[in-house]
Amino acid sequence: MMEVDAQIAGRQPLVPIAVAREFIPSHGAQALRDFLMERGGRIAKAGSEATAADLRALGKQLRPKRVLHVADSHVAASALVENVPVYTFDKKFYKYLVAIGQKTEM
């Protein structure tokens, strides 16, 4: 968690539901609640399926072999709805977001 805390630098985290779904099976719902409560965060608004699909298609237009996974496209769509950057440790996801012009931080 120290790495995440350093990355968000005191800002209130918004956790997309796609991230919550990945986190809960291995860490538990209470751990997610505690993380959010301790930092004043919340679950982010969901982006639409259409927006997520558009984000996947956009990368393919730029480079046909470029792939954005479905869960990642939902994270990116959620960030667009909330008008916040995506914070990620995933270098491929980061590069994809940079290539399509979406705000992101690593």
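All of these numbers come straight from a predicted model, not from anything done at the bench.

Visitor: How should I be thinking about the layout of surface pockets in this particular structure?
Guide: Which parts of space are left empty comes out when a probe the size of a water molecule is rolled across the atoms. Of the pockets and cavities examined, the largest pocket occupies roughly 930 Å³. Along the wall of the largest pocket there are 31 residues; nearest its centre are Leu14, Val15, Pro16, Val19 and Tyr87. Elements represented by at least two residues in the lining of the largest pocket include exactly helix H1 (2-8), strand E1 (14-15), helix H2 (17-27), helix H3 (29-39), helix H5 (70-82) and strand E3 (86-87). Of the residues that constitute the lining of the largest pocket, the class distribution is 20 nonpolar, six polar and five charged. Lining the second largest pocket are Arg63, Arg66, Val67, Leu68, His69, Asp72, Asp90, Lys91, Lys92, Phe93, Lys95 and Tyr96. At five residues, helix H6 (residues 91-100) tops the list of elements feeding residues into the lining of the second largest pocket. Along the lines of polarity and charge, the residues of the lining of the second largest pocket split into four nonpolar, one polar and seven charged.

Visitor: Explain the environment of Phe89 here, please?
Guide: You can see Phe89 is positioned in the loop between E3 and H6. Residue Phe89 is classed as partly exposed on the basis of its relative accessible area, which comes to 45%. Note: C-alpha distance between Phe89 and Ala44 (45 residues apart in sequence) is 19 Å. In contact with Phe89, other than residues within four places in its own chain, are Glu3, Val4, Gln7 and Met106.

Visitor: Help me understand the side chain of Gln7 in this model?
Guide: By the element assignment, Gln7 lies in helix H1. Contacts of Gln7, omitting those with residues within four sequence positions, involve Tyr87, Thr88, Phe89, Glu105 and Met106.

Visitor: I would appreciate a short explanation of the packing of H2 against H5 in the present structure.
Guide: To characterise two packed helices, one gives the angle between the axes of the helices and the distance between these axes. At their nearest, the axes of H2 and H5 sit 8 Å apart, and the two run at 130° to each other. With respect to each other, H2 and H5 are oriented oblique. Contacts between H2 and H5 involve Ala18, Val19 and Glu22 on the former and, on the latter, Ala71, His74 and Val75. Residue classes in the contact of H2 with H5 are distributed as four nonpolar, one polar and one charged.

Visitor: Would you explain H6 in this entry?
Guide: Note on helix geometry: an α-helix contains 3.6 residues per turn, so any two residues three or four positions apart are oriented the same way. When we look at burial in H6, the residues that qualify are Phe93, Tyr96, Leu97 and Ile100. Burial along H6 is one-sided: seen end-on, the buried residues are contained in an arc of 95°. Exposed residues on H6 whose side chains face more than 90 degrees from its buried face are Lys91 and Lys95. Buried residues in H6 make contact with helix H4 (49-62), H5, E3 and strand E4 (104-105). For H6, the N-terminal capping position is held by Asp90, with its side-chain oxygen 3.0 Å away from the main-chain nitrogen of Lys92. Immediately beyond the C-terminal end of H6, within one or two residues, lies Gly101, with a positive phi of roughly 85°.

Definitions and cut-offs
- Residues numbered from 1 in each chain as written.
- Predicted model: local features only at pLDDT ≥ 70, side-chain atom pairs only at ≥ 80, totals over all residues.
- Heavy atoms only, no water.
- 1 Å grid on protein atoms, 1.4 Å probe; cavity = no way out; pocket = protein on both sides within 12 Å on 5 of 7 lines; lining within 4 Å.
- Points joined across faces, edges and corners; volume = space filled by probe spheres on them.
- Helix = DSSP H or I, 4+ residues; strand = E, 2+ residues; numbered from the N terminus.
- Nonpolar A, V, L, I, M, F, W, Y, C, P; charged D, E, K, R; others polar.
- Buried < 20%, exposed > 50% of the residue type's maximum accessible area, 1.4 Å probe, protein only.
- Contact = heavy atoms within 4.5 Å.
- Axes fitted to C-alpha atoms, helices over the stretch in contact; angles between N-to-C directions.
- Parallel < 35°, antiparallel > 145°, perpendicular 65-115°, else oblique.
- Arc of directions from axis to C-beta.
- Polar contact = N/O pair within 3.5 Å; in protein donor to acceptor, adjacent residues only side chain to side chain.

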